[in-house]
Amino acid sequence: MNFKQLFKEEGNKEYYIKLFEFVNKEYKEKRCFPLYEDIFNAFKYNDIDKIKVIILGQDPYHEINQAHGLSFSILDGNPLPKSLINIYKELYDDLGITRLTGNLSSWANQGVFLLNNVLTVEEGKANSHKNKGWEIFTSRVIEELNKDDSPKVFVLWGKDAGAKKKLITNKKHMIIESAHPSPLSSYRGFFGSKPFSKINKFLKENNLEEIDWS
């Protein structure tokens with residue numbers, strides 16, 4: 001299955017119809033993120049068979065000029081959120097790479113699928129679109145990625161992402177799991193977990209091009 005088929009299949013289901021009744025109403029009446037046209041931005045870079053790494057986030061950043069549909073990524077020219085600062089700190093400690101921009105499109109272009117568990121949020125209200133149906137949709141996405149036999153690394157940071165672990169059963173894939181990079185939990189196992197070098201080691205062992213994290 002590819003993403004186009006997945007959207008077609010899910011789009012006819014009752015949960016998805018109800019989800020979009022909710023999303024459309026929220027976007028009409030309130031300020032929500034990302035921009036409506038960017039909700040599915042993560043799906044525009046690579047199809048299922050070309051995705052090598054899945055980094056699962058929680059829900060989009062909820063302040064203006066941040067979220068653009070890729071987990072942990074922010075729009076150019078904006079100050080880095082604390083979670084991303086911590087991700088970059090770990091990237092430096094792991095591979096000695098310093099990144100200045102918060103826009104992770106360059107990762108997405110290389111087959112890194114930056115997916116949030118919930119794809120929309122109301123301004124200033126983290127988790128405001130939780131339990132409206134997004135989790136069902138993103139679980140279906142993970143199931144299809146799991147079914148694909150091209151080796152992938154699933155990066156599960158934090159409790160919400162970890163809940164999807166049971167969906168990843170294909171022995172071809174690798175799971176990297178740790179605490180969330182947010183300031184509240186980063187010291188409980190995120191720092192020092194060296195995810196970036198582990199990902200590239202796995203890709204190399206499977207004759208796939210490593211990710212240029214810089």
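Above: the structure in question.
Everything numeric in this text was worked out from a predicted model, so none of it was measured.

Caption draft 1: Quick peek at the packing of helix 3 (residues 82-95) against helix 7 (residues 195-205). Orientation of helix 3 relative to helix 7, taken along the N-to-C sense of each, is 60°, at an axis distance of 7 Å. Taken as axis vectors, helix 3 and helix 7 run oblique relative to one another. Only Pro195, Phe196 and Ser197 of helix 7 make contact with helix 3, whose side of the interface consists of Ile87, Glu90, Leu91, Asp94 and Leu95. Split into classes, the residues belonging to the contact of helix 3 with helix 7 amount to 5 nonpolar, 1 polar and 2 charged.

Caption draft 2: Layout of the pattern of salt bridges. Counted according to the given criterion, the structure contains 18 salt bridges. One salt bridge connects Glu122 with Lys30, and the closest N-O pair in it is separated by 3.7 Å. Taken together, the positions of Glu122 in strand 4 (residues 121-122) and Lys30 in the loop between helix 2 (14-29) and strand 1 (32-33) put the pair 92 residues apart, joining distant regions of the chain. Overall, Glu122 belongs to the buried group, its relative accessible area being 12%. Among the residues examined, Lys30 registers a relative accessible area of 34% and is labelled partly exposed. In this structure, Arg31 engages Glu123 in a salt bridge whose closest nitrogen and oxygen atoms are separated by 3.6 Å.

Caption draft 3: Representation of helix 3 within the structure. Over its 14 residues, helix 3 runs 20 Å from end to end, which matches the ideal 20 Å to within 8%, given 1.5 Å per residue. Among the residues making up helix 3, those that are buried are Ser83, Leu84, Asn86, Ile87, Tyr88, Glu90, Leu91 and Asp94. Looking at the buried residues of helix 3, the elements they touch are helix 4 (105-108), strand 5 (153-157) and helix 7. Once helix 3 finishes, Gly96 follows within two positions and takes phi at roughly 70°, a positive value.

Caption draft 4: Expanded view of the packing of aromatic side chains. Applying the stated criterion to the full structure yields 24 aromatic pairs. The interplanar angle of 80° and the centroid separation of 5.6 Å between the aromatic rings of Phe20 and Trp134 together place this pair among those described as edge-to-face. With Phe20 in helix 2 and Trp134 in helix 5 (residues 134-147), this pair connects stretches of sequence that are 114 residues apart. Residue Phe20 is classed as buried on the basis of its relative accessible area of 13%. In this structure Trp134 comes out as buried when scored by relative accessible area, which is 0%. Seen in terms of ring centroids, Trp157 and Phe190 are 5.2 Å apart; in terms of plane orientation they differ by 90°. Their pairing is edge-to-face. Placement of Trp157 in strand 5 and of Phe190 in the loop between strand 6 (174-178) and helix 7 is noted, with a sequence separation of 33 residues between them. Both residues of the pair, Trp157 and Phe190, belong to the buried class. Taken together, the aromatic side chains of Phe3, Phe7, Tyr15, Tyr16, Phe20, Phe40, Phe43, Phe113, Trp134 and Phe137 make up a single cluster linked through ring pairs.

Caption draft 5: Layout of the sheet that holds strand 3 (residues 112-116). The 4 strands are arranged 3-2-5-6 in an open sheet whose pairing can be described as parallel. The sheet terminates laterally at strand 3 and strand 6, the two strands that pair on one side only. Averaged over all pairs of adjacent strands, the angle between strand axes in this sheet comes to 15°, irrespective of strand direction. Bridge count for strand 2 (residues 53-57) against strand 3 is 5 bridges, and the pairing is parallel. Looking at the pairing, Gly57 lines up with Asn116 of strand 3.

Rules of the game
- Residues numbered from 1 in each chain as written.
- Predicted model: local features only at pLDDT ≥ 70, side-chain atom pairs only at ≥ 80, totals over all residues.
- Heavy atoms only, no water.
- Axes fitted to C-alpha atoms, helices over the stretch in contact; angles between N-to-C directions.
- Helix = DSSP H or I, 4+ residues; strand = E, 2+ residues; numbered from the N terminus.
- Parallel < 35°, antiparallel > 145°, perpendicular 65-115°, else oblique.
- Contact = heavy atoms within 4.5 Å.
- Nonpolar A, V, L, I, M, F, W, Y, C, P; charged D, E, K, R; others polar.
- Salt bridge = Lys/Arg side-chain N within 4 Å of Asp/Glu carboxyl O.
- Buried < 20%, exposed > 50% of the residue type's maximum accessible area, 1.4 Å probe, protein only.
- Expected span 1.5 Å × (residues − 1).
- Phe/Tyr/Trp six-rings, centres within 6.5 Å; stacked < 30°, edge-to-face > 60°.
- Pairing = 2+ DSSP bridges.

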